[in-house]
Amino acid sequence: MDWLSPQEWSAVALSLRVAFWATLCSLPFALLTAHLLARGSFPGKQLFNGIVHLPLILPPVVTGYLLLLTFSIQAPVGYALSQIGIVFAFRWTGAALAAAIMAFPLMVRAIRLSIEAVDPKLEEAAATLGASRMWVYLTVTLPLILPGVLAGSILAFAKAIGEFGATITFVSNIPGQTQTLPSAVYAFLQVPGAEGSAFRLVVISIVIAMGALLLSEILSRRVAARIGAS
């Protein structure tokens, strides 16, 4: 990484950190949400579905502004969290939260499609043999939806790496603290003579994005083939 300046490397490292935690922390919620949308039947389901996918439609700046209104120190929620040491606004943790929210619909959609493709009769057969609902999920449902879980997680990771609008609105663009890879590109483009730094980060962004897409495809196919052969 000698060809990257300290500021460039800091932006790349922070982006990877933000994307990792955004993906990891949102995965359990994505699994639960996908199951509710795929198998659940409850009043307001369509409204809930719309709320889940709202970040895909809203301008990212609007999402970031809503996060700022909710989690700033002056807001009731943000103030309450700050009293127990949890602060999101203008922190890297806030960047992870913003990235998680923006990537969440992609993860949910991939997992939901996998769940809908599972034949319920397989789960019913396991249940008739005396298996508990949790055991059926762990031994039957989860292995079958694993390709969708992997694909959704990797796509969410790539989306989190590239998140810009909501992040810069919510946590600003502070070098070494909240300046992620896309924020750094934006900052370098505002400085005369820094086009080289911006170009290097653009290349890294493309490599990460393409790598994530290829890895998602390869893992999904391998897991699907292994499940089909078993």
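Residues numbered from 1 in each chain as written. Predicted model: local features only at pLDDT ≥ 70, side-chain atom pairs only at ≥ 80, totals over all residues. Heavy atoms only, no water.

**Focus: the nonpolar core**
Heads up, the condition is: In these notes, a set of buried Ala, Val, Leu, Ile, Met, Phe, Trp, Tyr and Cys residues joined through side-chain atoms within 4.5 Å is what counts as a nonpolar core. Accessible area is worked out with a 1.4 Å probe on protein chains only. A residue is then buried under 20% of its type maximum, exposed over 50%, and partly exposed in between. Helix and strand assignments follow DSSP, with helices taken as H or I runs no shorter than four residues and strands as E runs no shorter than two, numbered in order from the N terminus. A contact between two residues is defined here by any heavy atoms of the two lying within 4.5 Å.
Judged by nonpolar contacts, the single largest core of 31 residues is most densely connected at Val18, Phe170, Leu181, Phe188, Leu201 and Ile204. Elements with a minimum of two residues in this core: helix 1 (6-39), helix 3 (60-71), helix 5 (92-117), helix 7 (133-162), helix 8 (165-171), helix 9 (181-189) and helix 10 (195-229). With residues near it in sequence (within four places) discarded, Leu181 still touches Ala11, Val12, Ser15, Leu201, Ile204 and Ser205. Counting residues in each nonpolar core, the second largest holds 16 residues, with Leu31, Val52, Met107 and Val149 among its members.

**Focus on helix 7**
Stated precisely, the cut-off is as follows: Here, expected helix span is obtained from the residue count minus one, scaled by 1.5 Å. Note on bend: the value at a residue is the angle between axes fitted to the seven residues ending there and to the seven starting there.
With 30 residues, helix 7 should cover 44 Å at 1.5 Å per step; its first-to-last C-alpha distance of 38 Å lies more than 12% under that length. Taken as a whole, helix 7 carries its principal kink of about 50 degrees at Leu146; the proline Pro147 stands between one and four residues after it.

**Examining the side chain of Ser114**
Convention followed: A 3.5 Å cut-off defines polar contacts: any pair of N or O atoms within that distance qualifies, except that in protein one atom must be a possible hydrogen donor and the other a possible acceptor, and neighbouring residues in sequence count only when both atoms are side-chain atoms.
Mapped onto the elements, Ser114 comes out in helix 5. At 3.3 Å, the side chain of Ser114 and the backbone oxygen of Ala110 are in polar contact. Ignoring anything within four residues of it in the chain, the contact list for Ser114 reads Ile145 and Gly148.

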